[in-house]
Amino acid sequence: MNKQRLLLSAAATAFVAFGVAAPASAETLNVVASFTVLADVVKHVGGDHVKVSSLVGPNGDPHEFEPSPADAKTLNAAKVVFVSGEGLEGWMDRLISASGYKGTPMVASDGINTRTMVDDGRTVTDPHVWNSPVNVKVWVANIEKALSAADPADAADFKANAERYTKVLTELDAYAHSKFDKIADDRRKVLTSHDAFGYFGREYKVNFLAPIGFSTETEASAAKVAQLIEQIKTEHVKTYFFENSNDPRLVKQVAKATGAEPGGELYVESLSKASGPASTYEKMFRYNVDQLATAMAKSS
């Protein structure tokens, strides 16, 4: 009898110990992010506790995105929705109305030191904040806070993931400085498809010239293109880049008129497919830094 009681007691102790060591985690959060760059950062913070869907797919343009009925269904099923904000996702309000989603999207860019730019004669906020890893640290803090509020049981994991990924972002920032700081200021000039590298330029003192403003939905006027061609000739800009998510024809036209040489493709607003060179934010940023620094070094 004593032996039986001893076995039952041991079993009970093991059960309690198991329960303390591995408490039941909340169910996996169904999370939606507006575009691939943001979705990747959310995945790093959320880890195994989130299932993340990106509305805009790889190589997609978040400016010109047209939501489908399937996107409305995806949004409706979400526990948490993340947008970058600052005017990037002009289509989101319509999608929310169509989907019946009852929540409020979390704006990842809240708290970032934004920059303004003149676009078609009006002053607007530049929404391309992620092209500086310093800004993405703010994203990470906001994402951690939102996920912890939605799933308090896993808050400690979100915090650890956020701290780990913030270190990665610090390393990316240092990597970019190691590449650009040794290049002469007058060589840090490139031509790109549209004005999406403002925060990158601010952080690493690179001057980006572009025929189109902050949104690819706008069109460059003949006068602006002519002015840009003249500026490129005057400032001796030697290299142009096109972007994975939009039409390269205009930037190639400008380059042809100025003699600028192709530097390759940049990933600006969208990650590549998994098989491409920019399948994560970390890979995307390093790839862009390498492409730009190599082109500038050649023009020296």
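Residues numbered from 1 in each chain as written. Predicted model: local features only at pLDDT ≥ 70, side-chain atom pairs only at ≥ 80, totals over all residues. Heavy atoms only, no water.

Colleague: So what exactly am I meant to see when it comes to the overall build of the protein here?
Modeller: Summing up its helical and strand segments, the protein has ten helices and ten strands in all. In the protein, 65% of the contacts between residues at least 6 apart in sequence involve partners at least 24 apart. By element, 53% of the accessible surface of the protein is carried by carbon and sulfur atoms, the whole surface being about 14,700 Å². (Helix = DSSP H or I, 4+ residues; strand = E, 2+ residues; numbered from the N terminus. Contact = heavy atoms within 4.5 Å. Areas by Shrake-Rupley, 256 points an atom, 1.4 Å probe, with all protein chains shown as cover.)

Colleague: Looking at this structure, how should I read the side chain of serine 272?
Modeller: Topologically, serine 272 is positioned in the loop between strand S10 (261-266) and helix H10 (281-299). Of the residues examined, serine 272 reaches a relative accessible area of 6% and is grouped as buried. Side-chain polar atoms of serine 272 contact the backbone nitrogen of serine 279, separated by 3.3 Å. Discounting chain neighbours no more than four positions away, the residues touching serine 272 are Pro58, Asn59, Tyr267, Pro277, Ala278 and Ser279. (Buried < 20%, exposed > 50% of the residue type's maximum accessible area, 1.4 Å probe, protein only. Polar contact = N/O pair within 3.5 Å; in protein donor to acceptor, adjacent residues only side chain to side chain.)

Colleague: Help me understand the pattern of salt bridges in this model?
Modeller: Two side chains bearing opposite charge may form a pair once their charged atoms approach each other closely. Tallied over the full model, the rule gives four salt bridges. In this structure, the salt-bridge partner of arginine 115 is aspartate 126, at a minimum N-O distance of 2.5 Å. Here arginine 115, found in the loop between strand S4 (106-107) and strand S5 (116-119), pairs with aspartate 126, found in the loop between strand S6 (122-125) and helix H5 (133-150); they are eleven residues apart in sequence, far enough to count as distant. Relative accessible area serves as the criterion here: at 0%, aspartate 126 is assigned to the buried category. (Salt bridge = Lys/Arg side-chain N within 4 Å of Asp/Glu carboxyl O.)

Colleague: Where do I start with helix H6 (residues 155-180) in this structure?
Modeller: Because each turn of an α-helix spans 3.6 residues, side chains separated by three or four positions in sequence point in the same direction. Counted at 1.5 Å a residue, the expected span for H6 with its 26 residues is 38 Å, and the 37 Å between its end C-alpha atoms agrees. Three or more residues of H6 are buried, namely Phe158, Asn161, Ala162, Tyr165, Val168, Leu169, Leu172, Asp173, Ala176 and Phe180. (Expected span 1.5 Å × (residues − 1).)

Colleague: What exactly am I supposed to notice about the packing of helix H2 (residues 36-46) against H6 here?
Modeller: For any two helices packed against each other, one specifies the crossing angle of their axes together with the interaxial distance. Where H2 meets H6, the axes come as close as 7 Å, and the angle between the chain directions of the two elements is 125°. Between H2 and H6, the angle is such that the two are oblique. Along the contact surface, H2 presents Asp40, Val41, His44, Val45 and Gly46, while H6 presents Phe158, Asn161, Ala162 and Tyr165. (Axes fitted to C-alpha atoms, helices over the stretch in contact; angles between N-to-C directions. Parallel < 35°, antiparallel > 145°, perpendicular 65-115°, else oblique.)

Colleague: For this particular structure, what's the right way to read the packing of H5 against H6?
Modeller: H6 packs onto H5 with a crossing angle of 175° between their chain directions and a minimal axis gap of 9 Å. In terms of orientation, H5 lies roughly antiparallel with respect to H6. Across the interface between the two elements, Pro133, Val134, Val136, Lys137, Val140, Glu144, Leu147 and Ser148 of H5 pack against Ala155, Phe158, Lys159, Ala162, Tyr165, Thr166, Leu169, Thr170, Leu172 and Asp173 of H6. Partitioning the contact of H5 with H6 into residue classes produces eleven nonpolar, three polar and four charged. (Nonpolar A, V, L, I, M, F, W, Y, C, P; charged D, E, K, R; others polar.)

Colleague: Would you mind showing me how to read the sheet that holds strand S3 (residues 80-83) here?
Modeller: Each strand in a sheet pairs with another by means of backbone hydrogen bonds, the pair being arranged parallel or else antiparallel. Across the sheet, which stays open at both edges, the four strands sit in the order S2-S1-S3-S4 with parallel pairing between neighbours. In this open sheet, the two edge strands, each paired with only one partner strand, are strand S2 (50-54) and S4. As paired elements, S3 and S4 share two bridges and run parallel to each other. In the sheet register, phenylalanine 82 faces S4, and the bridge partner there is methionine 106. (Pairing = 2+ DSSP bridges.)

Colleague: Just to check I follow, could you spell out the confidence of the model for the protein for this structure?
Modeller: The predicted coordinates of low-pLDDT regions are not to be read in fine detail. Summarising the model, the protein shows a mean pLDDT of 84, and 79% of its residues fall at 70 or more. When the criterion is pLDDT under 50, residues 1-24 qualifies, and its contacts beyond four places in sequence or with other chains add up to zero contacts. Across residues 212-217, confidence stays below pLDDT 50; counting only partners more than four residues off in sequence or on other chains, it has 32 contacts. (pLDDT = per-residue confidence, 0-100.)

Colleague: What should I look at first to understand the packing of aromatic side chains in this one?
Modeller: Any two aromatic rings considered together are summarised by their centre-to-centre distance and by the angle between their planes. This structure, assessed with the given rule, holds 14 aromatic pairs. Through successive ring pairs, a cluster of aromatic residues spans Phe180, Phe197, Phe200, Tyr204, Phe208, Tyr281 and Phe285. A cation over a ring is seen here: arginine 286 above tyrosine 175, with NZ or CZ 4.6 Å from the ring centre. (Phe/Tyr/Trp six-rings, centres within 6.5 Å; stacked < 30°, edge-to-face > 60°. Lys NZ or Arg CZ within 6 Å of the ring centre and 35° of its normal.)

Colleague: Quick question: what am I supposed to make of the pairing of S2 here?
Modeller: Regular strands place their side chains on alternate faces of the sheet. Judged from the five bridges that link them, strand S1 (residues 29-33) and S2 form a sheet pairing that is parallel. Counterpart to leucine 29 in the pairing with S2 is valine 50. Once you follow S1 into H2 and on to S2, the crossover reads as right-handed. (Right-handed = clockwise from strand over helix to strand, strands pointing away.)

Colleague: Teacher, can you tell me more about the side chain of aspartate 173 here?
Modeller: Along the chain, the position of aspartate 173 falls in helix H6. No salt bridge is formed by the buried aspartate 173, whose closest oppositely charged neighbour, lysine 137, lies at an N-O distance of 5.8 Å. Contact partners of aspartate 173, with chain neighbours within four places excluded, come to Pro133, Val134, Glu203 and Tyr204. (Lys, Arg positive; Asp, Glu negative; His and termini not counted.)

Colleague: I would appreciate a short explanation of helix H3 (residues 69-76) in the present structure.
Modeller: Considered for burial, the residues of H3 that qualify are Asp71, Ala72 and Leu75. For H3, the angular spread of the buried residues around the axis is 105°, confining them to a single face. Within H3, the exposed residues directed more than 90 degrees away from the buried face are Pro69 and Lys73. Where H3 is buried, its residues touch S1, S3 and helix H4 (92-99). (Arc of directions from axis to C-beta.)

Colleague: Looking at this model, I keep getting lost on unusual backbone geometry. Mind explaining?
Modeller: For residues besides glycine, phi is generally negative; the peptide bonds are generally trans as well. One non-glycine residue with positive phi stands out, namely glutamate 86, at about 60°. Summarising the element assignment, glutamate 86 is placed in the loop between S3 and H4.

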